[in-house]
Amino acid sequence: MTSVPLAAIGYLTAALAFLVLAVVTLVRWRNRPSGLWVVLAALLSVGWAGYLGFLAWQYGTSAAISGGVMEVARNAGWFALLLALLAGSGSRPGVDPRALRWWASGVAVFLLFILVPMLWPQLLGAIWPGLATLLMAIAGLVLVEQVYRNTPPQNRWEIKFLCLGLGGLFAFDLFLFADLVLFQTIDSPSWQARGFVNALVVPLLAISVSRRLPQREGPTVSRHLLFHTASLIGAGLYLLAVGGAGYYLRHHGGDLGALLQVTLLFGAVLLLAVVLFSGSVRAQLRVWLAKHFFNYRYDYRQEWLRFTGTLAQTDDETPFRQRAIQAIGELVESPGGLLWVHRDDGRFALDGVLNLGEPAYPALEPDDSLVVFLMRTGWVIDIDEFRRDPAFYHGLELPAWLVDNPRHWAVVPLLKSDGLEGFVVLAQPRARHRIDWEERDLLKTAGRQLAVYVALVQTDEALLEARQFETFHRLAAFLVHDLKNVSAQLSLISANAERHRDNPEFVADAFRTVGNARERLERTLAQLRKAQPGADSPRQAIEVDALLEEVAHDSREVRPVPRVTVEDSAGVLGNRDALRNVLLHLVRNAQEATPDNGDITMTLKTRDQWAIIEIEDNGAGMDEDFVRRRLFRPFQTTKGNAGMGIGLYEARDLVVRMGGRIDVSSHVGEGTAFTLRLPRYGT
């Protein structure tokens, strides 16, 4: 009889597939969350499928309608896996652990209720195995729905294929055993296909196991209703086409037609579910619907609530810079981007990255073409459009790193009333398209709002630094008290010196007092020597070449002695004493980091309107992370307790006040080079 071997082959195929799943999970993925539960459920399914395959081979399809106790064991395995996933979600907000205990207890009682009549068939008769399997299919669908609904949206990609596979199995069993209980139909081709259907879902389960098994937005009725309606209509048309193909197979496929029809229908439904769960497909559908059915693409109330909600999150582990990019990217389905912000020295530097690797793009000067264009026009730049027609942007020249990377899609300016706070470079959206006028307006508005947030964050950081300085000043007050005591001791010696200078005891006591005062002064100087005065005194013309010679002369007592090279004489305008202290500080840092036989050079040259001072050594150097993140911040030092981390912060502040900037290049074991650029005076 042809149907007997086909049904048996289907069940044996399912047994082999589940066995492979169990082995692969045990060998490669046993440490994944819920991995051992998958192994248990797969092994129980192997026993179930092997048992039904044996019955079908020996006695025909009608003998393999239900596996009895094996049916309960197989479903119990998958129920246990689903309950384990629910328990894994129990630590997240919104899932009550007590409810999970009730679920587990309820499932255990339910399975016991199913199992007892199967052990004693005389209790409820022959109809009970089919009815029991029907009830277990319903329970399985409920558990699948609970797992999916209680998993956070950002984690659903991990379990969606598992839910699709198990949901498909339970739905297929629901159809089969409902037909059996209602109409006593046991000769349908669907019974022959049951084993093949089970084998088809194993790849979906394997995909989900290979991943980590583990708010819902308020819907806008019109847009969400249209989206889901369009999805259902599309799915309906697809299923009609598949049904037509199945009808053709049934009537023209020969002996295998019915079997091929059932298998095709189940596979087509699974494929439809996979497509509907695809993020890029959903994004493209939303774009298409907005383009053809609405005058405006966006529900601005919903978008603005989501935008401000993302920015305002305080308990999120994602830093503000990444949240800022995420907030503006979500408006246009962009998964990542770059955040550039305005620095104190006038340049625009990369300050945040989301899903675009770890680029090391250089800072942009305030007169860069991109910066000037954004400040003048406030336009949102479509980079794809720029690549096609650069002339549209009226002479704009974009940096090579921005144009050459195909993932870069748009530049959004962050404008405030007093200027440009920065800009965001967005990555290509999930559904690629040209930026239209509505999207430009939305991004410009969001950019202005984001500029305020960026400015507030920078202000908060400045206030934090101010609080640190307040602590430092409080420390200075105690040190001043020590200095006052030293001054009093020395004043007392000075006042009594004329009267007691011939007294040996006085002289000895005076030397002891002076020694004590020297020790206290050394301790005080060790703490304060890095703190330099500000640049608030009147500005004056400074001959830089003469100043460098003076600094080199004052630093000759410590080795290595710096050398001065003057390529071009230059003058600058500023506080001479403050600039001298900055140069002395940089030279002393270089001497401390360089061995006695090392080399330190101070070079003066000019370029355009700039006087350039380079202080270079071949000492210990600094690592890239320290230079990029900590070097010019207060109270950051590589010297441990030997330094307070104030000098370079004050040096940078002075240079910026004089209208210049200070750059550094350093490599561990190779040395450090500081470059001061100051506006030339008298040119």
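Criteria and cut-off values
- Residues numbered from 1 in each chain as written.
- Predicted model: local features only at pLDDT ≥ 70, side-chain atom pairs only at ≥ 80, totals over all residues.
- Heavy atoms only, no water.
- Helix = DSSP H or I, 4+ residues; strand = E, 2+ residues; numbered from the N terminus.
- Expected span 1.5 Å × (residues − 1).
- Buried < 20%, exposed > 50% of the residue type's maximum accessible area, 1.4 Å probe, protein only.
- Salt bridge = Lys/Arg side-chain N within 4 Å of Asp/Glu carboxyl O.
- Core = buried A, V, L, I, M, F, W, Y, C linked by side-chain atoms within 4.5 Å.
- Contact = heavy atoms within 4.5 Å.
- Pairing = 2+ DSSP bridges.
- Axes fitted to C-alpha atoms, helices over the stretch in contact; angles between N-to-C directions.

Draft legend 1. Inspection of helix 19 (residues 576-593) at higher detail. Taking 1.5 Å as the rise per residue, helix 19 with 18 residues should run 26 Å; its terminal C-alpha atoms sit 26 Å apart, in good agreement. Listed as buried for helix 19 are Ala578, Leu579, Asn581, Val582, Leu583, Leu584, His585, Leu586, Val587, Asn589, Ala590 and Gln591.

Draft legend 2. Layout of the pattern of salt bridges. In total, this model carries 17 salt bridges according to the counting rule given. Between Lys605 and Glu614 there is a salt bridge whose closest N-O contact spans 3.1 Å. A salt bridge links Arg661 to Asp663; the shortest N-O distance between them is 3.3 Å. Here the two residues Arg661 and Asp663 agree in accessibility, since each one is buried. A single network of salt bridges, built from pairs that share partners, joins Arg347, Glu365, Arg661, Asp663 and Arg677.

Draft legend 3. Structural view of the nonpolar core. Ranked by size, the top nonpolar core spans 55 residues in total, and within it Phe18, Trp78, Leu82, Leu166 and Leu205 carry the most contacts. The set of elements that each furnish at least two residues to this core consists of helix 1 (3-28), helix 2 (35-59), helix 3 (69-88), helix 4 (97-119), helix 5 (128-150), helix 6 (156-183), helix 7 (189-210) and helix 9 (257-276). The element that contributes the greatest number of residues to this core is helix 6, accounting for 12 residues. Sequence-distant contacts of Phe18, defined by excluding residues within four places in its chain, comprise Ala42, Ser45, Val46, Trp78, Asn198, Val202 and Leu205.

Draft legend 4. Focus on unusual backbone geometry. Unusually for a residue other than glycine, Asn355 sits at a positive phi of about 60°. Looking at the secondary structure, you find Asn355 in the loop between strand 2 (348-354) and helix 13 (369-377). A positive phi angle is found at Asp608, which is not glycine, with a value near 55°. Residue placement: Asp608 occurs in the loop between strand 9 (600-607) and strand 10 (610-617).

Draft legend 5. View of the sheet that holds strand 7 (residues 563-566). Spatially, the 5 strands line up as an open sheet ordered 7-9-10-12-11, and their pairing is mixed. Taken across any chain shown, the strands that pair with only one partner, and hence form the sheet edges, are strand 7 and strand 11 (661-667). Mean inter-strand twist for the sheet, computed between neighbouring axes without regard to direction, equals 15°. Sheet strands in contact with helix 18 (residues 544-554) are strand 7, strand 9 and strand 10, and its direction is about 175° off that of strand 9.

Draft legend 6. Focus on the sheet that holds strand 1 (residues 337-342). With antiparallel pairing, the 5 strands of this open sheet are ordered in space as 2-1-5-4-3. Bordering the open sheet on either side are strand 2 and strand 3 (381-382), each of which pairs with just one other strand. Most of the contacts of helix 12 (residues 320-330) go to strand 2, to which it runs at about 75°, and overall it touches strand 1, strand 2, strand 4 (408-416) and strand 5 (419-427). Seen against the sheet, helix 13 touches strand 2, strand 3, strand 4 and strand 5 and runs at an angle of roughly 110° to strand 5.

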